[in-house]
Amino acid sequence: MSQNTFCNPRLYIEDIGIIENISGTIKFPGNNQINSMEIKLAGLNLAESALLDKEIRFYLNYGGDDTVPFFIGYIKDIKASDTMTNISIYDSRCKLGGEYAETITLSDTDNY
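Notes on the structure in this doc start here. In this numbering scheme, every chain counts its residues from 1 along its sequence in written order. Per-residue local features of the predicted model are confined to residues with pLDDT of at least 70, and side-chain atom pairs are confined, for both listing and counting, to 80 or more; whole-chain, interface and lining totals are unaffected and use all residues. Side-chain descriptors were evaluated using all non-hydrogen atoms of the structure, hydrogens and water having been removed beforehand.

**Some remarks on the pattern of salt bridges**
Any two side chains of opposite charge can pair, on the condition that their charged atoms come close. Salt bridge, as used here: a side-chain nitrogen of Lys or Arg that lies within 4 Å of a carboxyl oxygen of Asp or Glu. Applying the stated criterion across every chain yields a total of 6 salt bridges. In this structure, Lys76 and Asp53 form a salt bridge, with 2.3 Å as the shortest nitrogen-oxygen distance. One end of the pair, Lys76, is in strand 6 (residues 71-80); the other, Asp53, is in the loop between helix 1 (48-51) and strand 5 (55-59), and 23 residues separate them in sequence. Categorising residues by exposure relies on relative accessible area from a 1.4 Å probe, with only protein chains included: less than 20% of the type maximum marks a residue as buried, more than 50% marks it as exposed, and the intermediate range marks it as partly exposed. We classify Lys76 as buried; its relative accessible area is 13%. Take Asp53: its relative accessible area is 37%, and that puts it in the partly exposed class. Numbering goes from the N terminus for both helices and strands, where a helix is a DSSP run of H or I of at least four residues and a strand is a run of E of at least two.

**Description of the environment of Met37**
Among the secondary structure elements, Met37 is positioned in strand 4 (residues 36-42). Judged by its relative accessible area of 2%, Met37 falls in the buried class. Setting aside residues up to four positions removed in sequence, Met37 forms contacts with Leu11, Thr25, Ile26, Phe58, Phe71, Ile87, Ser88 and Ile89. Contacts: residue pairs with any heavy atoms within 4.5 Å of one another.

Treat this as a map of the structure, not an account of what it does.
And the structure:
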């Protein structure tokens, strides 16, 4: 990405910045559905197992440096090839319900 453009997006995976060769889409479907982001990182060799459930922060930086991320989510799917890594990210609500929710066990002795 050129540093001379008006929009200078930044992507951070667990506070490690990735600023080159980013492409993708963000979906805000509305109606209380989970927001998602699909990104493609070209030319990066990323270990798949090390990225699952890591936090992603995406800053749009449209006209200046943003202090609040445009999108925050967690990595839920990775497809890597020799030249491209495709990553699927869902917002934090994916941890509350659905197939990605964490299991909570309550018993008579541990119910708080």
